[in-house]
Amino acid sequence: MNTHNSFSLEAIATVATPFKQKFAIPRQPNLANAQGVITFKEGFNDINMLKGIENYSHLWLLFIFHQNIERGWKNTVKAPRLGGNATMGVLASRSTHRPNGIGMSVVKNKGVVSSNGQTQLVVEGVDLVDGTPLVDIKPYIAYADSVPSASDNLDDINPIPNRDVSFADTIQPTLAEIEKKHRGFSALVTAVLSQDPRPAYKQHIENDEKTYRVTLYDIDVGFEIRDAAVKVTELVHLG
């Protein structure tokens, strides 16, 4: 009988992503084609650990909700899909505040690269904040991991928003410059903001007086909700 009640985990890698803060990160993976670059830590930077990984189109990333660990957890959490005020059991949710702070995301495998002798793995569809520590990577196996008959009884209660997104005429020159450095930036902004990252209790407000801000890469993005649509009004380089 295994009598151990506690175990230690060591991060094997970190992932660099466009998301510099938790606000506006897609609620699930693959809702935006955000790229992640996984860099392996010393002791795990061995190309042989990734031998054969090219055979899989998708991968599971197991990670730590490192920004939430110190805040602890509760047995019930507010559920965004129930409007943000109703609660569900923490184990019936994908809350970031969990007993062990472990998360999992399925992402697209874009291949192994080497940069200055450092092994890296490129993935797409990430929903992780920049710098998230990874504790494991596993192949996604379709015949075992995909369950076509699976049901989700909350799917029709509060579906993911799909708002139209536009960019103000005044920021078009800035947007063009940003695209030169971050290819696909406008598509990423559109995918992220179309899901309406505001708190769930505000998502019914179709004319919001507030200007919201989110940082993607090194760009501060200001946006508003007007007539049920998202308008990006500001793009500011940081640093």
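Computed from a predicted structure; not experimentally measured.

Draft legend 1. How the structure looks around a nonpolar patch on the surface. A cluster of nonpolar side chains, namely Tyr56, Ile141 and Tyr143, defines an oily patch on the protein surface of about 350 Å² accessible area. As for its position among the elements, Tyr143 is in helix 1 (residues 142-145).

Draft legend 2. Representation of the sheet that holds strand 8 (residues 132-139) within the structure. Strand order in this closed barrel of 6 strands is 1-2-7-6-3-8, and the pairing throughout is antiparallel. Across this sheet, the average inter-strand angle for adjacent strands is 45°, counted without regard to direction. The pairing of strand 1 (residues 13-16) with strand 8 spans 3 bridges and is antiparallel. Across the sheet, Thr14 pairs through a bridge with Pro133, a residue of strand 8.

Draft legend 3. Focus on the environment of Ile137. With respect to the helices, strands and loops of the structure, Ile137 is situated in strand 8. In this structure Ile137 comes out as buried when scored by relative accessible area, which is 17%. Taking the C-alpha atoms as reference, Ile137 lies 5.7 Å from Trp60; in sequence the two are 77 residues apart. Excluding residues within four positions of it along the chain, Ile137 makes contact with Ile12, Ile38, Phe40, Ile53, Leu59, Trp60, Leu61 and Leu121.

Draft legend 4. Inspection of the nonpolar core at higher detail. Grouped together as the largest cluster of nonpolar side chains are 46 residues, with contacts concentrated most on Ile38, Leu134, Ile137, Phe185, Leu193, Val221 and Leu235. The element contributing the most residues to this core is helix 3 (residues 185-193), with 6 residues.

Draft legend 5. How the structure looks around the pairing of strand 1. Residues of strand 1 alternate between two faces, with Ala13 and Val15 buried on one and Thr14 and Ala16 left unburied on the opposite face. Where strand 1 meets strand 2 (residues 35-40), 4 bridges bridge the pair, whose relative direction is antiparallel. Each residue of the ladder has a partner; that of Val15, found in strand 2, is Ile38.

Draft legend 6. How the structure looks around the packing of aromatic side chains. On inspection of all chains with the given rule, the structure shows 4 aromatic pairs. An angle of 25° between the planes, with centres 6.5 Å apart, marks the rings of Phe23 and Tyr212 as stacked. In this pair, Phe23 sits in the loop between strand 1 and strand 2 while Tyr212 sits in strand 10 (residues 212-216), placing the two residues 189 residues apart along the sequence. Accessibility expressed as a relative area gives 26% for Phe23, which makes it partly exposed. The class of Tyr212 is buried, set by a relative accessible area of 5%. Centroid distance Phe63 to Phe65: 5.0 Å. Interplanar angle 80°. Geometry classified as edge-to-face. Through a chain of ring-to-ring contacts, three or more aromatic side chains come together here, namely Phe23, Tyr212 and Phe223.

Reading guide: rules and limits
- Residues numbered from 1 in each chain as written.
- Predicted model: local features only at pLDDT ≥ 70, side-chain atom pairs only at ≥ 80, totals over all residues.
- Heavy atoms only, no water.
- Patch = residues over 30% accessible without salt bridge, like charges linked within 9 Å, V, L, I, M, F, W, Y side chains within 5 Å.
- Areas by Shrake-Rupley, 256 points an atom, 1.4 Å probe, with all protein chains shown as cover.
- Salt bridge = Lys/Arg side-chain N within 4 Å of Asp/Glu carboxyl O.
- Helix = DSSP H or I, 4+ residues; strand = E, 2+ residues; numbered from the N terminus.
- Pairing = 2+ DSSP bridges.
- Axes fitted to C-alpha atoms, helices over the stretch in contact; angles between N-to-C directions.
- Buried < 20%, exposed > 50% of the residue type's maximum accessible area, 1.4 Å probe, protein only.
- Contact = heavy atoms within 4.5 Å.
- Core = buried A, V, L, I, M, F, W, Y, C linked by side-chain atoms within 4.5 Å.
- Phe/Tyr/Trp six-rings, centres within 6.5 Å; stacked < 30°, edge-to-face > 60°.

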